[in-house]
Amino acid sequence: MQDLVIRRPDDWHLHLRDGDMLKGVIADTSRHFARAIIMPNLVPPVVTAADAAAYRDRIVAAIPAGDRFEPLMTLYLTEGTDPDDVESGHKSGLVKAVKLYPAGATTNSNSGVRDIDKAMPVLERMAKIGLPLCVHGEVTTSDVDIFDREAAFIATVLDPLRKRLPELKVTMEHVTTKDGVDYIKASKANLAGSITTHHLIINRNAILVGGIKPHYYCLPVAKRENHRLALRAAAISGDARFFLGTDSAPHVDPLKECACGCAGIYTSINTMSCLAHVFEEEGALDKLEAFASLNGPAWYGLPVNEETITLRKQQEAVRYPAKIDTGAGLVTVFDPMFPLRWAVV
Ligand code: DOR
Ligand code: ZN
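These numbers come from a predicted model, not from an experiment.

Participant: Explain the overall build of the protein residue by residue, including any values.
Facilitator: Summing up its helical and strand segments, the protein has 11 helices and 13 strands in all. Radius of gyration (C-alpha) of the protein: 19 Å, near the 20 Å computed for a compact globule of 345 residues. Out of the 345 residues belonging to the protein, those deemed buried represent 57%. Carbon and sulfur atoms provide 53% of the accessible area of the protein, an area that totals close to 13700 Å².

Set out below in structure tokens:
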């Protein structure tokens, strides 16, 4: 047996959904994580500070008794977002970031941004008040191959935006490419990136070899092996610009296992076991705390958690359910395709 004690982690990118799904998944996060940045891509999206306050209340009402968990709320950027509303939401302490979904990039992104110029007044205000922009970094133009969409976004949208507004703090969420890692590492200031659990474990073969595996499909889609290795190197480096954002994104099985399946992988329940495995494999268990518990709060200007969790390596594999029953329906749990021996005790 081997124990690893780290500060309680946070999840800097999480989909909790709403209603029965919210009630069915929240315990898998609040069990291990102290806080999470909550994605606003509900239907309809969380656009205004009032929407975010109401959503926060629904989340707080769903937290299991005895768990201490703080949802960190985000607003969904639209071309009509009101800068004054964003500023007052931020000043009240409610709004921790604004999320940019290029329209059409992913699940419920249709109300997102088509023309970034139309969002400039909000982005300028955010730069002024120090409110971070979280970006889903993929272009959506049909002529760009899906495996190239992150690199194209950096070159054609993100880099020009950052040159125009160098004061804007940008989180490149769920980085999936070496291009993304290199771009973040080359930046001097105001840029950081979150990395998911699953992108440290799978490459695109997991989705496509031996038949189509919808439960490994997410967006941005997993890339080639050299990209996965670059993500691993970034995650274990201790570099403060990289931190955990699981992008755990539950969809009920019928919406994944069909002719046009939804993007999203559900990892909340086994993320810490998976990460301990990955960091041990890399000989970097001593860097897990930086990635999961220290770098994120530093970037978002929040205190680190005082509590700790203990990860224990056991002889026996830790058993996680293959599916969880959420009340909205069954959700398949991410299968890392290797036995997990680390458990949170
Ligand atoms: O795989 C994904 N699922 N990527 C996203 O960007 C959205 C998310 C979802 O909401 O299901
Ligand atoms: Zn997401």
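After that view of the structure, there is still more to cover.
Participant: Lay out the pairing of strand S4 (residues 70-76) with the relevant residues and their values.
Facilitator: For S4, the buried fraction is high: six of the seven residues fall into the buried class. In this structure, strand S3 (residues 35-38) lies alongside S4, joined through four bridges in parallel fashion. Across the sheet, Ile37 pairs through a bridge with Leu72, a residue of S4. This β-α-β element, S3 to helix H2 (residues 49-62) to S4, shows right-handed connectivity.

Participant: Break down the nonpolar core for me, with residues and values.
Facilitator: Note that soluble globular proteins tend to have their nonpolar side chains buried in a common cluster. Counting residues in each nonpolar core, the largest one holds 94 residues, and the members touching the most others are Leu16, Leu123, Leu133 and Phe279. Membership of the second largest hydrophobic core comes to 12 residues, among which are Ile37, Leu72, Tyr101 and Tyr300.

Participant: Lay out the side chain of Thr197 in plain terms, naming residues and giving numbers.
Facilitator: Looking at the secondary structure, you find Thr197 in the loop between strand S8 (191-195) and helix H7 (205-208). Beyond its immediate chain neighbours, meaning those up to four positions away, Thr197 contacts Leu244, Thr246, Thr271, Cys274 and Leu275.

Participant: So what's going on with the coordination of the zinc ion (ligand 2)? Residues and values would help.
Facilitator: Each protein donor to the zinc ion (ligand 2) is listed here as His13 (NE2), His15 (NE2) and Asp247 (OD); together their distances run 2.0 to 2.1 Å. In primary sequence terms, the donor set of the zinc ion (ligand 2) follows H-x1-H-x231-D. For the pair His13 and His15, one class covers both residues: buried.

Participant: Could you give me a rundown of the UniProt feature "binding site: Zn(2+) 1" (unreviewed entry) in the protein, with the residues and numbers involved?
Facilitator: Those places that UniProt annotates as "binding site: Zn(2+) 1" (unreviewed entry) correspond, in this numbering, to His13, His15, Lys99 and Asp247. Separation in sequence by 235 residues is not matched in space for these annotated residues, since their most distant C-alpha atoms are only 13.2 Å apart. Its location among the elements puts His13 in strand S2 (residues 11-14). Using a relative accessible area of 1% as the deciding quantity, one classes His13 as buried. Each residue touching His13, except ones within four places of it in the same chain, is listed here: Ile37, Met39, Lys99, Glu173, His174, Gly245, Thr246, Asp247 and Ser248. Assignment of secondary structure puts His15 in the loop between S2 and helix H1 (19-30). Setting aside residues up to four positions removed in sequence, His15 forms contacts with Met39, Asn41, Tyr101, Asp247, Ser248, Ala249 and Pro250. Of note is the side chain of His15, whose polar atom sits 3.0 Å from the side chain of Asn41.

Participant: Please set out the UniProt feature "domain: Amidohydrolase-related" (unreviewed entry) in the protein residue by residue, giving values where relevant.
Facilitator: Taken from the UniProt record, the annotation "domain: Amidohydrolase-related" (unreviewed entry) applies to residues 11-304. A helix fraction of 39% and a strand fraction of 12% characterise residues 11-304, whose end C-alpha atoms lie 12 Å from each other.

Participant: Lay out the sheet that holds strand S13 (residues 342-344) in plain terms, naming residues and giving numbers.
Facilitator: Overall, antiparallel pairing links the three strands, which are arranged S1-S10-S13 in an open sheet. Of all the strands in the sheet, just strand S1 (2-7) and S13 have a single pairing partner and so form its edges. For this sheet, the mean angle separating the axes of adjacent strands, direction not counted, is 25°. Bridge count for strand S10 (residues 308-313) against S13 is three bridges, and the pairing is antiparallel. Counted as the bridge partner of Leu311 is Val344 from S13. Sitting on the sheet, helix H10 (residues 271-281) touches S1, S10 and S13, and the angle it makes with S13 is about 140°. Across the sheet, helix H11 (residues 288-300) lies against S1 and S10, angled at about 30° from S1, the strand it touches most.

Participant: Lay out the side chain of Asn305 with the relevant residues and their values.
Facilitator: Here Asn305 is to be found in the loop between H11 and S10. In this structure Asn305 comes out as buried when scored by relative accessible area, which is 11%. Side-chain polar atoms of Asn305 contact the side chain of Arg35, separated by 3.4 Å. When sequence neighbours within four positions are dropped, the list of residues in contact with Asn305 reads Arg7, Arg8, Pro9, Asp10, Ala34 and Arg35.

Participant: Help me get a handle on helix H6 (residues 178-186), residues and values and all.
Facilitator: For H6, the complete set of buried residues consists of Gly180, Val181, Tyr183 and Ile184. Buried positions in H6, seen along its axis, are confined to an arc of 165° and lie on one side of it. Buried residues in H6 make contact with helix H5 (149-164), strand S7 (170-172), S8, helix H8 (225-236) and strand S9 (242-244).

Participant: How would you summarise the packing of aromatic side chains if you had to cite specific residues and measurements?
Facilitator: What describes a pair of aromatic rings is the distance from one ring centre to the other and the angle between the planes of the rings. All told, the structure shown has six aromatic pairs when counted by the stated rule. Where Trp12 meets Tyr300, the ring centres are 5.0 Å apart and the plane angle is 10°; that geometry is what we call stacked. Of this pair, Trp12 sits in strand S2 while Tyr300 sits in helix H11, placing them 288 residues apart in sequence. Accessibility expressed as a relative area gives 12% for Tyr300, which makes it buried. These aromatic residues form a ring-pair network of at least three members: Trp12, Phe243 and Tyr300. The residue whose ring lies beneath Lys169 is Trp299, and the NZ or CZ to ring-centre distance is 4.2 Å. The ring of Phe147 is capped by Arg204, whose NZ or CZ atom sits 4.5 Å from the centre of that ring.

Each value, and the rule that gives it
Residues numbered from 1 in each chain as written. Chains lettered and ligands numbered in written order. Predicted model: local features only at pLDDT ≥ 70, side-chain atom pairs only at ≥ 80, totals over all residues. Heavy atoms only, no water. Helix = DSSP H or I, 4+ residues; strand = E, 2+ residues; numbered from the N terminus. Rg over C-alpha atoms; globule rule 2.2 N^0.38 Å. Buried < 20%, exposed > 50% of the residue type's maximum accessible area, 1.4 Å probe, protein only. Areas by Shrake-Rupley, 256 points an atom, 1.4 Å probe, with all protein chains shown as cover. Pairing = 2+ DSSP bridges. Right-handed = clockwise from strand over helix to strand, strands pointing away. Core = buried A, V, L, I, M, F, W, Y, C linked by side-chain atoms within 4.5 Å. Contact = heavy atoms within 4.5 Å. Donors = N, O, S within 2.8 Å, 3.2 Å for Na, K, Ca; no water. UniProt positions renumbered as here; feature names shortened; annotations may be inferred. Polar contact = N/O pair within 3.5 Å; in protein donor to acceptor, adjacent residues only side chain to side chain. Axes fitted to C-alpha atoms, helices over the stretch in contact; angles between N-to-C directions. Arc of directions from axis to C-beta. Phe/Tyr/Trp six-rings, centres within 6.5 Å; stacked < 30°, edge-to-face > 60°. Lys NZ or Arg CZ within 6 Å of the ring centre and 35° of its normal.

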